[in-house]
Amino acid sequence: MHLTTLKQRILDYIHYLSIYDYIAYGWLLALLICFLLLAIVLANKKPKLATFFIFSVFVLMFIGPLGLKYGLDKIIRNALVVDQNSTQLPFSKNLVVVGKIENRGKVDFQKCRVFVKVLKEDKNKYKQILDLLKPIRKKTLTLDSNISKGKTLAYRVVLDHFDYHKSYIVKQDVECY
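Residues numbered from 1 in each chain as written. Predicted model: local features only at pLDDT ≥ 70, side-chain atom pairs only at ≥ 80, totals over all residues. Heavy atoms only, no water.

## Some words on the pattern of salt bridges
- In this structure the tally under the stated criterion is 11 salt bridges.
- A salt bridge links R77 to D21, with the shortest nitrogen-to-oxygen separation between them at 2.9 Å. Here D21 lies in helix α2 (residues 19-42) and R77 lies in the loop between α3 (47-75) and β1 (79-89), a separation of 56 residues in the sequence.
- Accessibility expressed as a relative area gives 5% for R77, which makes it buried.
- Between D73 and R77 there is a salt bridge; the shortest N-O distance is 2.9 Å. (Salt bridge = Lys/Arg side-chain N within 4 Å of Asp/Glu carboxyl O. Helix = DSSP H or I, 4+ residues; strand = E, 2+ residues; numbered from the N terminus. Buried < 20%, exposed > 50% of the residue type's maximum accessible area, 1.4 Å probe, protein only.)

## So, the sheet that holds strand β4 (residues 137-143)
- With antiparallel pairing, the 3 strands of this open sheet are ordered in space as β4-β3-β6. With partners counted over all chains shown, the strands left at the sheet margins are β4 and β6 (168-176), one partner each. Neighbour-to-neighbour, the strand axes of the sheet open up by a mean angle of 15 degrees, direction not taken into account.
- Here 7 bridges tie strand β3 (residues 112-120) to β4, and the two strands are oriented antiparallel to one another. When the bridges of β4 are listed, R113 appears paired with T142.
- Along the sheet, helix α4 (residues 125-133) makes contact with β3 and β6, crossing β3 at roughly 130 degrees. (Pairing = 2+ DSSP bridges. Axes fitted to C-alpha atoms, helices over the stretch in contact; angles between N-to-C directions. Contact = heavy atoms within 4.5 Å.)

## Considerations on the state of the cysteines
- Per the counting criterion, the structure on display carries 1 disulfide.
- Here C112 connects covalently by a disulfide to C176, the sulfurs 2.1 Å from one another. Taking the sign of the S-S torsion, about 115 degrees here, the bridge from C112 to C176 comes out right-handed. Of the two residues, C112 sits in strand β3 while C176 sits in strand β6, which places them 64 residues apart along the sequence. The same class applies to C112 and to C176, which are both buried. (Disulfide = S-S within 2.5 Å.)

## Regarding the sheet that holds strand β5 (residues 152-159)
- Strands sit in the order β1-β2-β5 across an open sheet of 3 strands; the sheet is antiparallel. Of all the strands in the sheet, the pair left with one neighbour each is β1 and β5. With direction set aside, neighbouring strand axes in the sheet form an average angle of 15 degrees.
- Relative to strand β2 (residues 94-103), β1 runs antiparallel, the two sharing 9 bridges. Following the sheet pairing, N85 is matched in β2 by V98.

## Looking at the packing of aromatic side chains
- As enumerated under the stated definition, the model contains 7 aromatic pairs in all.
- Ring geometry for Y13 versus Y177: centroids 6.4 Å apart, planes at 65 degrees, classification edge-to-face. Of this pair, Y13 sits in helix α1 (residues 3-15) while Y177 sits in the segment after β6, placing them 164 residues apart in sequence. Across the pair, Y177 and Y13 agree in class, each one buried.
- Through a chain of ring-to-ring contacts, three or more aromatic side chains come together here, namely Y13, Y16 and Y177. (Phe/Tyr/Trp six-rings, centres within 6.5 Å; stacked < 30°, edge-to-face > 60°.)

## Thoughts on the environment of S18
- The residue S18 is located in the loop between α1 and α2 in this model.
- As a C-alpha pair, S18 and Y177 span 159 residues in sequence and 8.9 Å in three-dimensional space.
- If sequence neighbours within four positions are ignored, S18 has contacts with I76 and R77.

## Thoughts on the environment of V57
- Note on placement: V57 falls in helix α3.
- As for V57 and L17, which are separated by 40 residues in sequence, their C-alpha atoms are 24 Å apart.
- Apart from the residues within four sequence positions on either side, V57 is in contact with L32, F35 and L36.

Put into structure tokens, the structure is as follows:
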């Protein structure tokens, strides 16, 4: 992933924060402050327990935001790719990938990104995991359309100059805000 892509994804995440995000991150901040104050109070009487609370604060500082984003993406911003299909056009050497994004979350989406990766097909599952790191082709489609709760939005991604004649798998992921 390029640095500009990562920067843009982080900026989009911050720009489209919902009330659920503010509540979750506020709760995490309050928990960190409580653990830190508890460690300060217990420092003289029970230093081992105070050390455990300080260690917990450092672990929660790094793992907490990532875990909250993952949980909020699965519950609040739950988006699913349905009716996915890919067709290789022999006359123009293009691969056309179509699908629909379904909003199964609790908020309306304002922006979505569809990530399409074309991977080598292999029976060895460990080699397939390594192929995720270096796909044959990949493309990202950004959709600035509103998707209400329970609604779907169709999309189409065209991979130009796709001339791969061996067996392959098309993997699609979606991230919505």
